[in-house]
Amino acid sequence: MADQRIIVIGGGLGGLWAALRMAEAGVHVDIFSLFPVKRSHSCCAQGGINAVLDTKGQEDSIEQHIVDTIKGGDYLSEQPPIKTMCEAAPGIIRTYDRMGVTFSRTPEGIMDQRLFGGVKKRRTAFAGATTGQQLLYAADEQVRYHESEQKVTKYEDWEFLSVVLDGEGVCRGITAMNLHDMKVHAFRSDAVILATGGLGLIYGQSTMSTNSTGAAAARVYQQGAKFANGEFVQFHPTAMKGHDKNRLMSEACRGEGGRIWVPSEKGDTREPREIPQEERFYFLEDWYPTYGNTVPRDVASRAIVRVTRHMGLGLNGQDVVYLDLSHHPREFLEQRLGGILEMYTTFSGEDPYTGPMKIFPATHYSMGGVLVDYAKDEQTGGMQKVHPRNHVTTIPGLYACGECDSGYHGANRLGANSLLSATFSGQIAGAAAAAYLKSLKKSAADLDEKYFESERTRQEVINQELLSPNGTENPFALHRELGEAMREHVFVERSNAGLDKALVTIKELKERSRNIHLDDQGTWNNQSLSWARQVQDMIVLAEVIAKGARLRDECRGSHYKAEFELKVPEGKFEGDPEYEEYRAEWKANNKEWMKLTVATHTEDGPRIDYKPFDASILAPEKPRDYR
Amino acid sequence: MANEIHFRIRRQDGPDARPYWEEFKMPYAPAHNVVSALMYLREHPVNAAGKKVAPVVWDSNCMEEVCGACSMLINGTPRQACATLIDDLDQPIVLEPLTKFPAVRDLLVDRCKMFNALMKVKAWIPLDHTQDVHLHAPLIGPGEQAVRYIFSRCMTCGCCMEVCPQYHQDSEFVGPAPLGQANLHNSHPTGKFFKQDRLHALMGVGGIADCGNAQNCVQVCPKDIPLTDAIAELGRRTTGQWFRDLFAR
């Protein structure tokens, strides 16, 4: 059998870790990326990475990390992988330390840890406020070492277009487009790992990088990979609005003592610092005295929307509230949050050291993604660390890791768990693919050329159609309209009437996207062509998100429909009869809805089914309650 | 305040094509940055003469000055386009691609040479493997961490290379940013075990001796990285290494 090769699509944290694991296992890796991998969106993660190091005298425990993650996700994910991830977290931090990451330190030189949302212990290791950038660079450097040893080859400025399936539906390679000469090529590979990140661009403005369109995930979905929990999109509570993107102000701001407030009086136009304490409404502290400003993101985002849209208390009647750090000394802030406060100053022209920042929720992360499997370890109740079934999609030979997969975060991700899951899932997927290779009887190199050539031709035809001068629709305008519809109807608060409208709009956009006209008809570095393809694919995933949301008649994590809300009885707690009645209703609802949403592509749009999952670690006995 | 945004953009259809200038005007809106304005123009690609043209090509990704993608010359200064606000610029706003890297198209250039230089200077910590070994790296004090952190924020954007008189398309010189990274890894408690390898890489062709000490790099770095400190230290270390090598013969 010829030498085995593996292709990784995407060079963010997930992809780089998958590559490292396989290179260390002696398998040659080809990494395909739209841009130099060092520019991947992982570099935008700010606040930190969760791992129980228990260095703060708070008796933190891995069990608590597992519980916080499961409950943070509102009980909507397979639990064994969460257990194994939380157990692996301290070792991951140690490894990053050995890789030279410039983690922030205590006076003793020990790694410092800060507080994050949905958690009561200081469990988040960080490198200033650019933790993702630092972790990405460390992984990038290790991969560059393997590249220097010719164990890794990078294809940067290449766009993944599709997987190549053999006659039995097994993934044997990919097609990809060189973004300079726009030619499509087919590449053979014994396994493919998709590590293509999030899909925030489907919402137009989001906190995501401009390349986080979800197009790659949409492409494998249209080739038969199932997509899970699409409707669970995280809206980060604290972002600054912009024409181009909504820039994230890390949850670390709240973790480090940042307070969210609005003037108590509607229409109060005084400068914030002229408003005395007693005339400020610290609504998170008021409504959630136990967790205060560090409630999880879904809870905080809903509270902010309630304050601005239902109570009319947004600044100047707008969708804006204050995030205030100005009570801290400048030196403390510079050291802990310097990177992002610098960014706030640059983009707003205002000084966050002396006055509050203006923020509102923005699309931030996709908990859902390509459905992946895992192999349970019956001994430990966790997942087996090396098994070919881990992180495999419903297409054999195709793996997925990082934000584009559907594991770990259920209906809502806890802050600082994404750098962890990206790293961990990359490691697990890399090990899984390497194990899968050993079981293969035939090599992709021996497969008949016809499979590659027919897929390559299919992709060339799509390009030719888009480049034909006949269409009328501007792909950039289509994307803007898609984003407007998603932000209007598929945002923090949803309703079935609104979702029906969104689905109609998406269908119309899909129709119009078949009639695209490109103002650039050239064949050299044609960004419009690449973008047009991505817009078509974003529309497909938008429908998965909106339809999943339309059909899920309940509130769970980031997915909220007022008409189905089970309200916690005010002032009542465990043991109170009113609370117990609420708990019984909540459990009955779980019986119906504690299932993964699974979308299957059909020509008429997604078919939605539901899949039960393993909740053997933490049974849903307690509703989430951060009061 | 002007009610329009006026751009003068140096365009080039391909690596070997002749560059030309094209002007664009778009409606003013507050809080635009250079990339968000280019995004508007991409949807409405009509030049100032009213002619429909192919949208301008440029590079960007994170839009918050951490990925390093959108470097270009803006009114003559190399900087990150996403973090350059229109309101802070004189008009017409002149956009040009970086000149020290091969042109690809319009404002897009090929900076792969920078990543190759990181390989040349071995900018990584050598590890036995990346599995957990149940040990942390040696402790690092907060003061030392703070210095290392500044260097570790280098995003390989290329602004320092653009202004370096010694760095150009045909030169062998690795340029300032990779020197900063070599020094960063030499300063790590285990990275320093292999500092000789990095120093040797910088003692040959295209190494530290090619630095002309113009100190332009440190002026334009968007992350305020004190590159000249690193270069000065590498200068001393390579000299020391040269003597050690001499006596080791």
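Treat the numbers as computed from the prediction; the structure is a model and nothing was measured.

J.: Lay out the overall build of chain A with the relevant residues and their values.
T.: The secondary structure content of chain A amounts to 15 helices and 21 strands. Expected size for 627 residues packed as a compact globule is a radius of gyration near 25 Å; at 24 Å, chain A falls within 12% of this value. Across its three principal axes, chain A shows a C-alpha extent of roughly 75 × 55 × 50 Å. Taking the intrachain contacts of chain A between residues at least 6 apart in sequence as the baseline, contacts between residues at least 24 apart amount to 75%.

J.: With reference to specific residues and values, describe the interface of chain B and chain A.
T.: Each partner contributes to the interface: chain B provides 56 residues, whereas chain A provides 55 residues. For the side of chain B that touches chain A, the secondary structure elements donating two or more residues are helix 1 (34-43), strand 6 (103-105), helix 2 (112-120) and helix 3 (142-152) of chain B. The class makeup of the residues in the side of chain B that touches chain A is 29 nonpolar, 17 polar and ten charged.

J.: Give me the pairing of strand 16 (residues 321-324) of chain A: which residues, what numbers.
T.: All names here are of chain A. Across the two faces of strand 16 the burial is the same, with V321 and L323 and Y322 and D324 all buried. Pairing geometry for strand 14 (residues 259-263) and strand 16, over three bridges, is antiparallel. The partner of W261 across the bridge, within strand 16, is Y322. Relative to strand 17 (residues 357-366), strand 16 runs antiparallel, the two being bridged by three bridges.

J.: How would you sum up the environment of D519 of chain A? Please name residues and give values.
T.: Here D519 of chain A lies in the loop between helix 13 (496-512) and helix 14 (527-551). When the C-alpha atoms of D519 of chain A and P469 of chain A are compared, they prove to be 9.0 Å apart, with 50 residues separating the residues in sequence. When sequence neighbours within four positions are dropped, the list of residues in contact with D519 of chain A reads S528 of chain A together with P45, K52, A54 and P55 of chain B.

J.: With reference to specific residues and values, describe the environment of L509 of chain A.
T.: Residues and elements named next belong to chain A. Along the chain, L509 falls in helix 13. Residues L509 and K567, spaced 58 residues apart in sequence, show a C-alpha to C-alpha distance of 36 Å. Ignoring any residue separated from it by four or fewer positions in sequence, one finds L509 in contact with L478, E481, L482 and I539.

J.: Go over the domain arrangement of chain A with me, naming the residues and quoting the values.
T.: Residues and elements named next belong to chain A. Entries for chain A in the domain assignment read domain 1 (237-361) and domain 2 (461-611). Taking only C-alpha atoms, the centre of domain 1 and the centre of domain 2 are 28 Å apart. Each side of the interface is counted separately: domain 1 has five residues, and domain 2 has five residues. Residue classes in the side of domain 1 that touches domain 2 are distributed as two nonpolar, one polar and two charged.

J.: So, unusual backbone geometry: which residues are in play, and what are the values?
T.: With an omega of 0°, the peptide bond running from Q91 of chain B to P92 of chain B counts as cis. In this fold, P92 of chain B is placed in the loop between strand 4 (77-80) and strand 5 (93-96). A positive phi is found at N316 of chain A, a non-glycine position, where the angle reads about 50°. Residue placement: N316 of chain A occurs in the loop between helix 8 (297-310) and strand 16. Under the C-beta neighbour-count criterion, N316 of chain A is labelled exposed, with 8 such atoms within 10 Å. At E65 of chain B, a residue that is not glycine, the phi angle is positive and equals roughly 60°. Mapping E65 of chain B onto the fold places it in the loop between helix 1 and strand 3 (71-74).

J.: Now, about the sheet that holds strand 20 (residues 596-602) of chain A: what can you tell me, with residues and values included?
T.: All names here are of chain A. Strand order in the open sheet made by the four strands is 18-11-20-21, with antiparallel pairing throughout. Only two strands of the sheet have a single partner each, and these edge strands are strand 18 (369-370) and strand 21 (605-611). Strand direction decides the pairing type here: strand 20 and strand 21, joined by seven bridges, are antiparallel. Counterpart to A599 in the pairing with strand 21 is I608. This element, helix 14, spans strand 11 (227-228), strand 20 and strand 21 of the sheet and lies at about 50° to strand 21.

J.: Can you break down the domain arrangement of chain B residue by residue, with the values?
T.: Residues and elements named next belong to chain B. Domain boundaries in chain B define domain 1 (4-109) and domain 2 (112-248). Taking only C-alpha atoms, the centre of domain 1 and the centre of domain 2 are 31 Å apart. On the domain 2 side, the residues contacting the 14 residues of domain 1 number 14 residues. Ranked by residues supplied to the side of domain 1 that touches domain 2, first place goes to strand 4 with four residues. Of the residues contributing to the side of domain 1 that touches domain 2, the split by class is six nonpolar, five polar and three charged.

Rules and cut-offs
Residues numbered from 1 in each chain as written. Chains lettered and ligands numbered in written order. Predicted model: local features only at pLDDT ≥ 70, side-chain atom pairs only at ≥ 80, totals over all residues. Helix = DSSP H or I, 4+ residues; strand = E, 2+ residues; numbered from the N terminus. Rg over C-alpha atoms; globule rule 2.2 N^0.38 Å. Contact = placed C-beta atoms within 7 Å. Nonpolar A, V, L, I, M, F, W, Y, C, P; charged D, E, K, R; others polar. Buried ≥ 20, exposed ≤ 12 C-beta atoms within 10 Å, placed from the backbone. Pairing = 2+ DSSP bridges. Domains from an automatic or database assignment. Axes fitted to C-alpha atoms, helices over the stretch in contact; angles between N-to-C directions.

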